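Observations on the model geometry
Spelled out, the chains give:
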Amino acid sequence: MNTQLIALLKANMGLALTWDLAADIYVAAGRIETLVSPGDIERIQPRIHEDTVFARERMEDVVEEMKLLHQAHWHETEAHRHGLTLNPDYEIFIRYERAGRYVLFTLRNDGRLQGNCALYLDKSTHTQTLLATEDTLYLLPEARKRRAATHFIEYCENALKSLGVKEINVSVKTVNKAGRFFSMLGYRHVENGLSKILEG
């Protein structure tokens, strides 16, 4: 519920709609209620593993780097969608991030972005507990060595636990061995997802 918008409308009932009030209503209507305190997310500390740095970063600080990573991810794992155009809405990612509903974890070598795990945060309507749903998880081929992916996922899990997350949901593609990888980390196969691109 957008309590800020409701309060603003109540406070101005019966008054003339001015340009300033219209602007305030517009801003309030687009506001997403905060779920996890941005301060709690900011407290997540980086971790060094051999020559790799795992960290929580802000999408708004790394958009240009993420564009390149998203393109590599798209070309490697999203062949079933190649009739569509890759066109991420980074402004939406940033709005969700500012509301404590999206968190981005990164993997870097020598400062170069080589992987990411981005998740949406939400409260389950069934259990009322915090859950994280994977949006993207991708490591460039050169980053997939010396169990870096395993350590990266452990880092992400520990960071999510510190935020109070109780459940993580990930999706895996049939074009790679990610399902087996996640099974080895204790994730259970609980459902099958199907996809269809509508023509015309």
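Keep in mind that this is a model prediction, so the values were computed, not measured. (Residues numbered from 1 in each chain as written. Predicted model: local features only at pLDDT ≥ 70, side-chain atom pairs only at ≥ 80, totals over all residues. Heavy atoms only, no water.)

Tallying each qualifying case throughout the model produces 9 aromatic pairs. Between the aromatic rings of Phe181 and Phe182, the centroid separation amounts to 5.2 Å while the plane-to-plane angle is 70 degrees, which identifies the pairing as edge-to-face. Judged by its relative accessible area of 23%, Phe181 falls in the partly exposed class. (Phe/Tyr/Trp six-rings, centres within 6.5 Å; stacked < 30°, edge-to-face > 60°. Buried < 20%, exposed > 50% of the residue type's maximum accessible area, 1.4 Å probe, protein only.)

Before going further, it helps to examine the sheet that holds strand 3 (residues 102-109). Across the sheet, which stays open at both edges, the 6 strands sit in the order 1-2-3-4-5-6 with mixed pairing between neighbours. If you trace the sheet from one side to the other, it starts and ends with strand 1 (47-49) and strand 6 (165-169), each paired once. Recorded for the sheet is a direction-independent mean angle of 25 degrees between the axes of neighbouring strands. Two elements, strand 2 (residues 52-57) and strand 3, share 6 bridges in a ladder whose sense is antiparallel. Across the sheet, Arg56 pairs through a bridge with Phe105, a residue of strand 3. With respect to the sheet, helix 5 (residues 90-98) is in contact with strand 2, strand 3, strand 4 (112-123) and strand 5 (130-139), its orientation differing from that of strand 3 by roughly 110 degrees. (Pairing = 2+ DSSP bridges. Helix = DSSP H or I, 4+ residues; strand = E, 2+ residues; numbered from the N terminus. Axes fitted to C-alpha atoms, helices over the stretch in contact; angles between N-to-C directions. Contact = heavy atoms within 4.5 Å.)

Before going further, it helps to spend a moment on the state of the cysteines. Taken as a whole and judged by the stated rule, the model has 0 disulfides. As a non-bridged cysteine, Cys156 has Cys117 as the owner of its nearest cysteine sulfur, 4.2 Å distant. We classify Cys156 as buried; its relative accessible area is 3%. (Disulfide = S-S within 2.5 Å.)

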